[in-house]
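Coordinates in review
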Amino acid sequence: MRARQKGGAARRIDNFDRAVDQGFDHLRGHPWADRLFYGASALGDHGLFWLLLCAARGVRSERDLRYALRAAVGVGVESAIVNVGIKSLFERRRPVHEALRPLPLRLPRTSSFPSGHATSAFCAAVLLSEEDPLRPLYYAAALIVAWSRVYVRIHHASDVLGGMAIGVALGRLGRRLAPVAESRTAARG
């Protein structure tokens, strides 16, 4: 029996994924790039990096603590929604990588779509960046963590883009559902 051919949209996604993966080839193997992207990928495991950033924001002031707590809870909720809910709807295989990796890397067992690193990165960036002058840094860190997953060949580029979109959507939903109210003493001030 002949294998079914992929439709036009699936073919375009595969071509996009392949082109982006090949675009990363010029960076792969450079020690600085390996350290940056493998390190970012490892820090993104289990939302660790975002929880550290939440803690860092939380110690700045009482007001920042409220934003940090909302972001920490938001990343936990996002993780449950994505890893238990959304990923179970898809059975996308991860990219094949048979070569030795230059640095240690945790290999996940869940569906490739969407990238959990990308969803948590962008959910956290949306939640942490509200009313914070460090907003560009949150988004820069989110981009590095998200795209590290393509660099280390754990996700396809379309998994990362889907994860970024889902993360932004969940972060915005979190802002709406849990607005950070000013404290009563600050409001009286």
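Residues numbered from 1 in each chain as written. Predicted model: local features only at pLDDT ≥ 70, side-chain atom pairs only at ≥ 80, totals over all residues. Heavy atoms only, no water.

The computed volume of the largest pocket comes to approximately 310 Å³. Along its surface, the largest pocket is lined by 21 residues, and H46, N83, R106, G116 and H117 are the ones closest to its centre. Looking at the lining of the largest pocket, the elements that each hand over two or more residues are α4 (62-86) and α5 (116-129). (1 Å grid on protein atoms, 1.4 Å probe; cavity = no way out; pocket = protein on both sides within 12 Å on 5 of 7 lines; lining within 4 Å. Points joined across faces, edges and corners; volume = space filled by probe spheres on them. Helix = DSSP H or I, 4+ residues; strand = E, 2+ residues; numbered from the N terminus.)

All right, on to the pattern of salt bridges then. Going through the model one piece at a time under the given rule, you end up with 15 salt bridges. Between R60 and D132 there is a salt bridge, with the nearest N and O atoms lying 2.7 Å from each other. Of this pair, R60 sits in the loop between α3 (48-58) and α4 while D132 sits in the loop between α5 and α6 (135-151), and the two are 72 residues apart along the sequence. With relative accessibility at 7%, the residue D132 sits in the buried group. (Salt bridge = Lys/Arg side-chain N within 4 Å of Asp/Glu carboxyl O. Buried < 20%, exposed > 50% of the residue type's maximum accessible area, 1.4 Å probe, protein only.)

W50, W147 and Y151 are the most contacted members of the largest nonpolar core, which has 40 residues in total. Counting only elements with at least two residues in this core, the list comes to α1 (8-24), α2 (31-44), α3, α4, α5, α6 and α7 (157-177). Those residues in contact with W147 that sit more than four places away from it in its chain are V20, F24, A157, V160, L161 and M164. (Core = buried A, V, L, I, M, F, W, Y, C linked by side-chain atoms within 4.5 Å. Contact = heavy atoms within 4.5 Å.)

A separate point is α1. Over its 17 residues, α1 extends 25 Å from the first C-alpha to the last, a length consistent with the 24 Å expected when each residue adds 1.5 Å. Listed in full, the buried residues belonging to α1 are D17, V20 and F24. Axial view of α1: buried residues confined to an arc of 70 degrees, hence all on one face. (Expected span 1.5 Å × (residues − 1). Arc of directions from axis to C-beta.)

One can describe the packing of α3 onto α6 by two numbers: an axis separation of 12 Å at closest approach and a directional angle of 170 degrees. As far as their axial angle goes, α6 and α3 are roughly antiparallel. The way α3 lies across α6 gives a crossing that is right-handed. Taken together, the residues of α6 that come into contact with α3 (itself represented by F49, W50, L53 and R57) are Y138, A141, A142 and V145. (Axes fitted to C-alpha atoms, helices over the stretch in contact; angles between N-to-C directions. Parallel < 35°, antiparallel > 145°, perpendicular 65-115°, else oblique. Left-handed = near helix turned anticlockwise from the far one by under 90°.)

This paragraph deals with the packing of aromatic side chains. What characterises a pair of aromatic rings is the spacing of the ring centres plus the angle enclosed by the ring planes. Under the counting rule described, the total for this entry stands at eight aromatic pairs. Ring centres 6.2 Å apart and planes at 85 degrees place the aromatic pair Y38 and Y151 in the edge-to-face group. Here Y151 lies in helix α6 and Y38 lies in helix α2, a separation of 113 residues in the sequence. Y151 shares its class with Y38; the two are buried. Three or more aromatic residues link up through ring pairs in this structure, and these residues are F24, F37, Y38, W147 and Y151. (Phe/Tyr/Trp six-rings, centres within 6.5 Å; stacked < 30°, edge-to-face > 60°.)

Turning our attention to a nonpolar patch on the surface. A cluster of nonpolar side chains, namely W32, L36 and I144, defines an oily patch on the protein surface of about 280 Å² accessible area. For L36, the position within the fold is in helix α2. (Patch = residues over 30% accessible without salt bridge, like charges linked within 9 Å, V, L, I, M, F, W, Y side chains within 5 Å. Areas by Shrake-Rupley, 256 points an atom, 1.4 Å probe, with all protein chains shown as cover.)

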